[in-house]
Amino acid sequence: MNKRSKRNILLTLGTLLLGACASAPPAPDAPLQLKLDSQLAAPQRAVLPGLNSDFTLGSSDGFLQYRAGYRVQPGQLFESGTSTVAAPSQQVALQTLGQNADVRLSELAGAPLRLGISYEQRSEWQLAGEAQNAQQAVNLGWAPPIAAFDLKWSNSTAPAAPLDCALEGTMQMPLPAEALALNLRGRSCRVVLPDASVAGLDARTWSAALEWGAQARRSQLRLQAIDPVPVAGAGTSDPAAGYELGLMRKHDLGPWSAQTQFAWRRAPDAQNPALAEGWSSDASLRRQLRGVGLSAGLASGVNPAWFLPDAAQRSNQLNLGLDLSRWAGGLLPGMTPETGLFYSHTRSIGTEESFYDDMLQWKFSLLLGGRE
């Protein structure tokens, strides 16, 4: 870690601390919140803890709400999981500094316009030096009685796989029948895969979802199409669109909470018939026992890039969780802690070259000032 990296850390921490100390006492309509978070992975995954901090000024129903956050976490150099890695990682640590401002504008047709502006800078410390990337986004929302509209523009120098969407629009419209709603969504994206097996492709996505039932017993039927489009001059073939038909059911009954999802997916032009069409399922169950929350989840046929021919392998996942947030809240009155122990297991399926990965994490966060 060079002197510039150390100087960046000191300046960032100093800015956050001075901003928190120099702020005037918050008014009733502008609460102040401070959140500290620490994450410690299992010894075989990471030997160093992470640090999160959040600073909030203002309220969601006021004219302006400002949030800033700072996060440091250990890099892949300290991880030694069971996944196959071609060469040792050079990543020492990751630093993230983010800011967000939400502005509540004047009302139009009975609903105010909401404008959100966010910026996040991420620094990756490597043995050979430091690499930086940034993400910025603008969000415009409007929710009159007839429907709720949301439009988002974003730009990132480190896009997330498999779809990096620069433009996204959604509309949520209640239907005449009770507890029935229609959600429409469209995105303009760029296809991004970590192994660079697919390059030079954009993608247009459309989806329509019908939701019904009360909030505690909610169901959703969704139809989605993802159409990859070659970038001009890239010389990439043009695959047909992929389609997904999915059903989701959420059911809350007292201390029990269950959610199940099933999806049938058709990938275009897949050379492997096993990947051309397939089912994906995800089921989770949660039980609250006084101050302790127990959770378990099982997913089958996970394939984030299912819409591309032979672009990614499928996997099965098992997740277990022990949530101690309520118990910790009884020990720390006036605060909102979030803590627990979580385990995940991933194994590939349907390919000759298989892999598996296990991870155990303990998480802890503390919110001062309560929730809005």
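The sections below set out a description of the structure shown in this document. Being a predicted model, the structure only gives us computed values, none of them experimental. (Residues numbered from 1 in each chain as written. Predicted model: local features only at pLDDT ≥ 70, side-chain atom pairs only at ≥ 80, totals over all residues. Heavy atoms only, no water.)

## Details of the pairing of strand E4 (residues 91–108)
Of the strand pairs in this sheet, strand E3 (residues 64–74) and E4 are connected by 11 bridges, and their pairing is antiparallel. The residue of E4 that forms the bridge with Tyr70 is Leu97. One ladder, built from 15 bridges, connects E4 with strand E5 (residues 111–126); its direction is antiparallel. Across the sheet, Gln99 pairs through a bridge with Tyr119, a residue of E5. (Pairing = 2+ DSSP bridges. Helix = DSSP H or I, 4+ residues; strand = E, 2+ residues; numbered from the N terminus.)

## A word on the state of the cysteines
All told, the structure shown has 1 disulfide when counted by the stated rule. Put simply, Cys165 and Cys189 are joined by a disulfide, and their sulfur atoms are 2.1 Å apart. Around the S-S axis, the bridge from Cys165 to Cys189 shows a dihedral of about 85° and counts as right-handed. Pair noted here: Cys165 is in strand E8 (residues 163–174) and Cys189 is in strand E9 (residues 180–191), with a separation of 24 residues, a long-range link. A relative accessible area of 13% places Cys165 in the buried class. (Disulfide = S-S within 2.5 Å. Buried < 20%, exposed > 50% of the residue type's maximum accessible area, 1.4 Å probe, protein only.)

## Comments concerning unusual backbone geometry
In most cases, non-glycine residues show a negative phi, while peptide bonds are predominantly trans. Not every positive phi belongs to a glycine, and Ala109 is a case in point at roughly 60°. Mapping Ala109 onto the fold places it in the loop between E4 and E5. Positive phi, close to 55°, is recorded for Arg290, a residue that is not glycine. Mapped onto the elements of the fold, Arg290 is located in the loop between strand E14 (277–289) and strand E15 (292–302). Arg290 sits in the exposed class, given a relative accessible area of 80%.

## Quick look at the packing of aromatic side chains
A full pass over the atoms with the stated rule returns 2 aromatic pairs. Relative to Phe149, the ring of Trp142 lies with its centre 5.7 Å away and its plane at 20°, an arrangement referred to as stacked. We classify Trp142 as partly exposed; its relative accessible area is 25%. Ring centres of Trp306 and Phe307 lie 6.0 Å apart, and the angle between their planes is 90°; this geometry places the pair in the edge-to-face category. Assessed through its relative accessible area of 1%, Phe307 is described here as buried. Above the ring of Phe342, the side-chain terminus of Lys363 is found at 5.7 Å from the ring centroid. (Phe/Tyr/Trp six-rings, centres within 6.5 Å; stacked < 30°, edge-to-face > 60°. Lys NZ or Arg CZ within 6 Å of the ring centre and 35° of its normal.)

## Side note on the pairing of strand E13 (residues 256–266)
As paired elements, strand E12 (residues 242–253) and E13 share 11 bridges and run antiparallel to each other. Within E13, the position partnered with Leu245 by the bridge is Trp264. In textbook terms, the turn of a hairpin is the stretch between consecutive antiparallel strands, and for E12 and E13 this stretch comprises 2 residues, one of which, Gly254, has a positive phi near 60°. The sheet contact formed by E13 and E14 spans 11 bridges and is antiparallel. Bridge pairing in E14 places Gln259 opposite Ser284.

## Digging into the environment of Leu127
Summarising the element assignment, Leu127 is placed in the loop between E5 and strand E6 (129–142). A residue is classified by how much of its surface remains accessible, and Leu127, at 55% relative accessible area, is exposed. Spatially, the C-alpha atoms of Leu127 and Gln91 are 6.8 Å apart, while their sequence positions differ by 36 residues.

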